[in-house]
Amino acid sequence: MENNTHLRGRFAPSPSGRMHLGNVYSAIISYLSVKSRGGEWVVRIEDLDRQRCKPENAALLLSDLDWLGLSSDAPIIYQSKRDDIYAEALSKLAARGLTYGCFCRRADILSAQAPHESDGRVVYSGKCKNLSSSELLALSKVRQPATRVVVPNADIAFTDGHYGKQCINLAHHCGDFIVRRADGNFAYQLSVVVDDAAQGITEVVRGRDLLTSTHQQIFLYQQLELQVPQFWHLPLLVSDSGVRLAKRDKVPDMSALRQMFSPEQIIGKVMFLAHQQPSDLPMTLSEAVGIFSWNNVPMNDIALSL
Ligand code: GLU
């Protein structure tokens, strides 16, 4: 196959624990999506949350990807080392008058969580946007503010490669959202945009739990004058009861999977789950690259019997 170096996909895991089958499925499909069209694939470690993301987990994650044969076509970057770059993007937003400090505690707590719909979405009221200077002074003596970006009351639309046209009004969906947490950590929504642009990512493949985060990210791409990639969201792997697989569930992780199966067996299972073959016959990564097609990926979430 011809090389197509202007196509570049990525896998951007948060090393908050060992990968499970759901993570491996996202990694493999993001790889096949871009490799089946001759592009490059890179890995980025999203370890901004220093409490949850441990270096030893990142090392295991990379060894698991390596074992599967998934190797990054560019040096791996770690978000925990890139605060200066995120600070620069934040100053750009601030220079445009798009940011303000927010002292609301509940908001800080929610923003610290993984950005998944099941966590319960709240629409921020904009309370801190209009604080008077005396209120600001009083509050800043008590605590550090988070930083929010002001969203427009207008639709933001994009066409997902798999799920088609998506349209959300951010003012109604989430309100002004956090780009830097009160603890100083930059928020996922900002860092993911800055890094996908910095790494020249042309396509983002990830679980559809992040489908509605995409509008916030597109808004940031626009404000930072960065090139928006093509987004492809994947149906989630769910348990029998329809709940998204999470690290806290009793899903076998890579330590167990590596003892039970070969890389080819896992690739075969993922290809079966993603409707790329009629059974879970083992296959090599290059065989999978040869047959992968988005047309066969289902729309509905995929139930696993655990
Ligand atoms: N780091 C995020 C996660 O592991 C994924 C980010 C993304 O793919 O945009 O949930």
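Parameters at a glance
Residues numbered from 1 in each chain as written. Predicted model: local features only at pLDDT ≥ 70, side-chain atom pairs only at ≥ 80, totals over all residues. Heavy atoms only, no water. Core = buried A, V, L, I, M, F, W, Y, C linked by side-chain atoms within 4.5 Å. Buried < 20%, exposed > 50% of the residue type's maximum accessible area, 1.4 Å probe, protein only. Helix = DSSP H or I, 4+ residues; strand = E, 2+ residues; numbered from the N terminus. Contact = heavy atoms within 4.5 Å. Polar contact = N/O pair within 3.5 Å; in protein donor to acceptor, adjacent residues only side chain to side chain. Salt bridge = Lys/Arg side-chain N within 4 Å of Asp/Glu carboxyl O. Near = heavy atom within 4 Å. Areas by Shrake-Rupley, 256 points an atom, 1.4 Å probe, with all protein chains shown as cover. Nonpolar A, V, L, I, M, F, W, Y, C, P; charged D, E, K, R; others polar.

Let's talk about the nonpolar core
- With 43 residues, the main nonpolar core has Ile29, Leu32, Leu65 and Leu70 as its most contacted residues.
- Every element with two or more residues in this core is listed here: helix H1 (21–35), strand E2 (40–45), helix H2 (55–68), strand E10 (230–234), helix H9 (254–260), helix H10 (263–273) and helix H11 (285–291).
- When residues in this core are grouped by element, the largest group, 9 residues, is from H1.
- When sequence neighbours within four positions are dropped, the list of residues in contact with Leu70 reads Ala27, Ile28, Tyr31, Trp41, Leu65 and Leu285.

Some thoughts on the side chain of Arg10
- Take Arg10: it is sitting in strand E1 (residues 8–11).
- There is a polar contact of 3.0 Å between the side chain of Arg10 and the side chain of Asp196.
- Ignoring anything within four residues of it in the chain, the contact list for Arg10 reads Ser30, Trp41, Val42, Arg44, Val192, Asp196, Ile201, Glu203, Val204, Val205 and Arg206.

Overview of the pattern of salt bridges
- Enumeration over the complete set of coordinates arrives at 17 salt bridges.
- One salt bridge in this structure joins Lys92 and Glu225, with 3.4 Å as the shortest N-O distance. Remark: Glu225 occurs in the loop between helix H8 (213–223) and E10 and Lys92 occurs in helix H3 (residues 83–95); sequence separation between them is 133 residues.
- Two residues, Arg96 and Glu225, come together in a salt bridge whose shortest N-O distance is 3.4 Å. Of this pair, Arg96 sits in the loop between H3 and strand E4 (99–102) while Glu225 sits in the loop between H8 and E10, placing them 129 residues apart in sequence.
- Using a relative accessible area of 39% as the deciding quantity, one classes Arg96 as partly exposed.
- By sharing partners, the salt bridges in this structure join Arg10, Arg44, Glu46, Arg82, Asp195 and Asp196 into a single network.

Quick word on the site of the ligand
- Around the ligand, the neighbouring residues are Arg10, Ala12, Pro13, Ser14, Glu46, Tyr188, Val192, Arg206 and Leu210.
- Contact between the ligand and Glu46: a nitrogen atom at 2.6 Å from a side-chain N or O atom of the residue.
- Measuring from an oxygen atom of the ligand, one finds a side-chain N or O atom of Arg206 at 2.8 Å.
- Burial of the ligand by the protein chains amounts to 81% of its free accessible area of 300 Å².
- Among the residues forming the shell around the ligand, the class breakdown is 5 nonpolar, 1 polar and 3 charged.

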